[in-house]
Amino acid sequence: MVKNSSKWIFTTSHKPNKNQIEKALQLANKYGGVYLERNKLQMNKENFYFVIDKKLSLSFQWEDGKLFFHPSVSKIRLNNYLKNGIDYLINAVSPQKSDIILDLTLGLGSDALLLSHFCKEVVGLEASFPIYAVVVENITNYDYKENWMKEASKKIEVINSDFKNFLNEQKEESYDVVYCDPMFENPQYKSSSINPLRKFARYDKITKVDLEKMVKIAKKKVVIKARSNDSVWDLYNFDKKNGSKKSGVFFGVIEK
Ligand SMILES: C[S@@+](CC[C@H](N)C(=O)[O-])C[C@H]1O[C@@H](n2cnc3c(N)ncnc32)[C@H](O)[C@@H]1O
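Residues numbered from 1 in each chain as written. Predicted model: local features only at pLDDT ≥ 70, side-chain atom pairs only at ≥ 80, totals over all residues. Heavy atoms only, no water.

**Some points on the overall build of the protein chain**
At step 1: Scanning the protein chain for helices and strands turns up eight helices and 12 strands.
At step 2: For the protein chain, the C-alpha radius of gyration of 19 Å lies close to 18 Å, the compact-globule estimate for 256 residues.
At step 3: In terms of overall dimensions, the protein chain has a C-alpha envelope of 55 × 40 × 35 Å along the principal axes.
At step 4: In the protein chain, buried positions account for 51% of the 256 residues. (Helix = DSSP H or I, 4+ residues; strand = E, 2+ residues; numbered from the N terminus. Rg over C-alpha atoms; globule rule 2.2 N^0.38 Å. Buried < 20%, exposed > 50% of the residue type's maximum accessible area, 1.4 Å probe, protein only.)

Structural data, given as structure tokens:
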């Protein structure tokens, strides 16, 4: 992982108030990082920082980029689904009220937010510490305009873990559905919601052994999101595969 010192740096936006400084100090302490005053820091190519802004939100910033939490297109996706019953992810997962869903690749959590609206709980793993921290510190505090998102966010447990290790520690059939959406092997730079993640994301590929472990810990099904030319499709016999030919993004389902 990219890291600019042995410890993560926490700071504030310029001209901070007392609450911002307190929050930055508190998070530095919580995550074993260091607090540095903003006016003593220089933004340059080698440096990146966690920043507490005036609204006390946490973002991760570098010279020419910023990673921050936002619910992305979840609102449009839910509205479309409610109108016409079509969302490739929801159709593939078919979440039920009592389901506990394991999202192995949480990212900024927009899929998790959508799924958790329909189920009991989503357990979301993220291996990249900056992405994890930005999501876990904002997902329940974000100023959502939609009440369903606020409620859905409370049902997501965010864990900083590598799914390759996590899968080894789970009992058979411990989640109703296991969902995995790794970074595409053949990236789609048009995907603006993923672009801020790229610099600090993990780029692990799913192996056959990973798929077998996912199948083992799922009660009902495993759902994989990948591009049509990604290697995962050759590793297993998927029962269903639906998606958009135009975007080349597909959701494969392994039923149990
Ligand atoms: C394409 S994004 C997921 C987007 C997500 N579905 C959403 O709705 O925002 C893939 C994410 O998986 C994470 N990731 C990749 N390999 C991982 C691993 N082995 N364990 C946990 N997370 C991983 C990446 O860091 C990245 O944030």
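**Let's talk about helix α8 (residues 208-217)**
At step 1: What α8 keeps buried is the set Asp210, Leu211, Met214, Val215 and Ile217.
At step 2: In the core, the buried residues of α8 are packed alongside β6 (100-103), α7 (163-166), β9 (175-180), β10 (218-227) and β12 (249-255). (Contact = heavy atoms within 4.5 Å.)

**Regarding the site of the ligand**
At step 1: The immediate surroundings of the ligand are formed by 22 residues, with Asp111, Glu126, Asp181, Arg202 and Asp204 found nearest.
At step 2: A distance of 2.9 Å separates a nitrogen atom of the ligand from a polar side-chain atom of Asp162.
At step 3: When isolated, the ligand has an accessible area of 600 Å², and the protein chains bury 97% of it.
At step 4: For the shell around the ligand, the class distribution of residues is 11 nonpolar, five polar and six charged. (Near = heavy atom within 4 Å. Polar contact = N/O pair within 3.5 Å; in protein donor to acceptor, adjacent residues only side chain to side chain. Areas by Shrake-Rupley, 256 points an atom, 1.4 Å probe, with all protein chains shown as cover. Nonpolar A, V, L, I, M, F, W, Y, C, P; charged D, E, K, R; others polar.)

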